[in-house]
Amino acid sequence: MTVSSTSRKLLFVLAVGLMFTAAYAYATTYLNIGGTGAITLPNSNLFADVTSISASTICSAISSSSYTDTSLSVTWPSLAQGTSSSIYICLKNTGSAIDKLNFAPGTLPAGVSFTSPQQGWALGPSGFVLSQLIFTATTTATAGSFSFMLSIT
Amino acid sequence: MSKPLLILLAVLFLTVSGVVGETQLSIGIIASIISPPTYIVTILMENHPLNVTLNPNGVIGNPNASYITFLARNASLAENYVAVTNLNSLPNYVALTGGNKSLVPNNCLPSLCPINEPNIADRIEKSGRNWKAYMEDLLPGQPCTYSGSGSGHYDVFHNPFVYYADVQDNVTRCSSHVVPANSGSSGPPDDLFINDLNNLTTASNFMWLTPNNCDDMHGGNGCSSSIMTFADNYTRQLVPKILSSLVFKTGKAALFIVWDEPTYCSVACQIPAIWIGPTIKQHYLSNKPYDHYSYLSTLESLWALPTLTVNDALASSMIEFFQ
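Residue numbers run consecutively from 1 along every chain, following the written order of its sequence. Both sets of labels track the order of writing: A upward for chains, 1 upward for ligands. Given that this is a predicted model, residues contribute local features only at a pLDDT of at least 70 and side-chain atom pairs are listed and counted only at 80 or more, while totals for whole chains, interfaces and linings are drawn from all residues.

Chemist: Explain the overall build of chain B to me, please; I cannot follow it from the model alone.
Modeler: Within chain B one finds eleven helices and eleven strands. Summarising its shape, the C-alpha atoms of chain B cover approximately 100 × 45 × 40 Å along the three principal directions. Contact between two residues is assigned whenever their backbone-derived C-beta positions fall within 7 Å. Contacts in chain B between residues at least 24 apart in sequence constitute 68% of all its contacts with a sequence separation of at least 6. Helix numbers and strand numbers start at the N terminus; a helix is a DSSP run of H or I with at least 4 residues, a strand a run of E with at least 2.

Have a look at this one:
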């Protein structure tokens, strides 16, 4: 097996990067085990409440037990062709890192689009955000029912 | 790229992912798109609560209102629809058309209580649609602020459109949009209204009908003492004409029949609110809470109209009744 000079240099840089990352991970784990501080891995962890949320809901006032990250489903109110409609959900970041919100719908029918004003917002550790989900149908969108998955990261 | 490099990159990616990893939420969404009606016809009835279980004067299930009961059970009925005030018609009518019951203090005359605020007619016109309000027993040629009994039992407190300054102060706009429903001396047949429903060039997208004070179940001097039976018979002869009209044969029309207030019990008492027509679900009941502002919200959501006030902006649209 031959490795080119350029690849060798890149390999070296990556190896150094890997070592630093591994060292950081080890250090945080070590400190945690050592009991000198409650250090957790800096990850974000999203939970949502999608039940009976309105534009005036104060997400931080909702009981923690209402937030979940499993079995989330919403039946959207019917939408007339040529109009938009909104629903609201509450998001909570239980992690210790900032989460830059990304709303990604699955495949939508022709003439239907999805957006959220909270796209790209930064949700801080232990933070809450009321998120508006907007669904728009053109005048030529086909009437009927459909379903899709909305991923939020 | 060489194999060792790929392995190293993969290890690095997994390591970094482990350190800054995050949860992905997945929400299953079920949605439906409807074709909005081109025509919406609204009939305002008066002063009765929802049903006989709620109050002996309730409409639905009352043997004296068998036709209206039939309509409600075969079309769509909102079982939890309430007025926004009680014992004063006008604020309810203004809520239905202007989004704020407080735009008038009570039942006052149009010349004394002009409303300098936008209304649903303005919104409809700006959207490129047209509108007309038909008043039973209103005599043609009367000034916009006319407040007499017309040719029979016209009641200006049931004609919200003439309160809006941009209608009241514009003689041409008022006379062309707020018109008599009937050419006869009093009451049905509402020939002028029905004729327009049978001509797609004269039919308006938004057609509002205020029956006279006997036909709308209000009652009073000169009306039958069996006012519920009388009004039920009025709807029995009128509604089939609406549903068989050319406008409704297009398949793109909806009829809304609603009462202004419960009168016989508190404002918290539900009132009948019935949706009928080819764009409406059949045999459908909903217990979701609605009020007169929901009616505006429904028009706004169906026709993409801007909201009028915070009341209709926050009200739930009744779009669930549409198919």
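Chemist: Help me understand the overall build of chain A in this model?
Modeler: Within chain A, the regular secondary structure consists of one helix and ten strands. Mapped from its N terminus to its C terminus, chain A presents α and β elements in the order α-β-β-β-β-β-β-β-β-β-β. Each of the 153 residues in chain A was classed as buried or not, and the buried ones make up 19%. Put simply, 71% of the contacts in chain A that link residues at least 6 apart link residues at least 24 apart. Counting other C-beta atoms within 10 Å of a residue's C-beta gives its exposure: the residue is buried at 20 or more, exposed at 12 or fewer, and partly exposed in between, where C-beta atoms are placed from the backbone.

Chemist: How should the packing of helix α3 (residues 89-98) of chain B against helix α10 (residues 292-303) of chain B be read in this particular structure?
Modeler: Each pair of packed helices can be summarised by the angle the axes make with each other and by the distance between the axes. Residue and element names in this part refer to chain B. Note on definitions: angles span 0 to 180 degrees between N-to-C directions of axes, and those axes are lines fitted to C-alpha atoms, for helices only across the stretch in contact. Two elements in contact, α3 and α10, have axes separated by 7 Å at closest approach and are oriented at 20 degrees. Accordingly, the angle class assigned to the pair α3 and α10 is roughly parallel. Handedness of the α3/α10 crossing: right-handed. In this structure, α3 contributes N92, A95 and L96 to the contact, and α10 contributes H292, Y293, Y295 and L296. Throughout this description, any angle smaller than 35 degrees is read as roughly parallel, any larger than 145 degrees as roughly antiparallel, any in the 65 to 115 degree range as roughly perpendicular, and the remainder as oblique. Less than a right angle of anticlockwise turn of the near helix away from the far helix marks a crossing as left-handed, whereas a clockwise turn marks it as right-handed.

Chemist: I would appreciate a short explanation of the sheet that holds strand β6 (residues 178-180) of chain B in the present structure.
Modeler: Paired through backbone hydrogen bonds, the strands of a sheet run either parallel or antiparallel to each other. All names here are of chain B. Any two strands with at least two DSSP bridges between them are considered paired. Strand order in this open sheet of eight strands is β6-β5-β7-β2-β8-β9-β3-β10, and the pairing throughout is mixed. Edge strands, defined here as strands with exactly one partner in the open sheet, are β6 and β10 (284-286). Strand-to-strand twist across the sheet, computed as the mean angle between neighbouring axes with direction ignored, equals 20 degrees. With three bridges connecting them, strand β5 (residues 131-135) and β6 associate as parallel partners.

Chemist: Quick question: what am I supposed to make of unusual backbone geometry here?
Modeler: What is expected of a backbone is that most residues other than glycine have negative phi and most peptide bonds are trans. In this structure, P189 of chain B follows P188 of chain B across a cis peptide bond, with omega equal to 5 degrees. Along the polypeptide, P189 of chain B turns up in the loop between β6 and α7 (191-197). Of note in this structure, S126 of chain A is not a glycine but carries a positive phi near 60 degrees. The residue S126 of chain A is located in the loop between β8 (122-123) and β9 (128-137) in this model.

Chemist: When you look at the environment of S185 of chain B in this model, what are you seeing that I'm missing?
Modeler: All names here are of chain B. Counting through the fold element by element, S185 comes out in the loop between β6 and α7. For S185 and G150, which are 35 residues apart along the polypeptide, the C-alpha to C-alpha distance reads 9.0 Å. Among all residues touching S185, those that are not within four sequence positions of it are S151 and G152.

Chemist: Would you take a moment to explain α3 of chain B for this structure?
Modeler: Each full turn of the α-helix corresponds to 3.6 residues, which orients residues three or four apart in the same direction. All names here are of chain B. Buried residues dominate α3, accounting for ten of its ten residues. Here the buried face of α3 lies against β2 (39-45), α4 (120-126) and α10. A positive phi of about 80 degrees marks G99, the residue just after α3.

Chemist: Honestly, the pairing of strand β1 (residues 25-34) of chain B in this entry has me stumped. Any pointers?
Modeler: Side chains on a regular strand alternate between the two faces of the sheet. Relative to β1 of chain B, strand β2 (residues 72-75) of chain A runs parallel, the two being bridged by four bridges. Bridging across to β1 of chain B, L72 of chain A finds its partner in I27 of chain B. Looking at chain direction, strand β3 (residues 79-80) of chain A and β1 of chain B are connected through two bridges and run parallel. Residue L79 of chain A lies in a different strand from β1 of chain B, and its bridge partner there is I33 of chain B.

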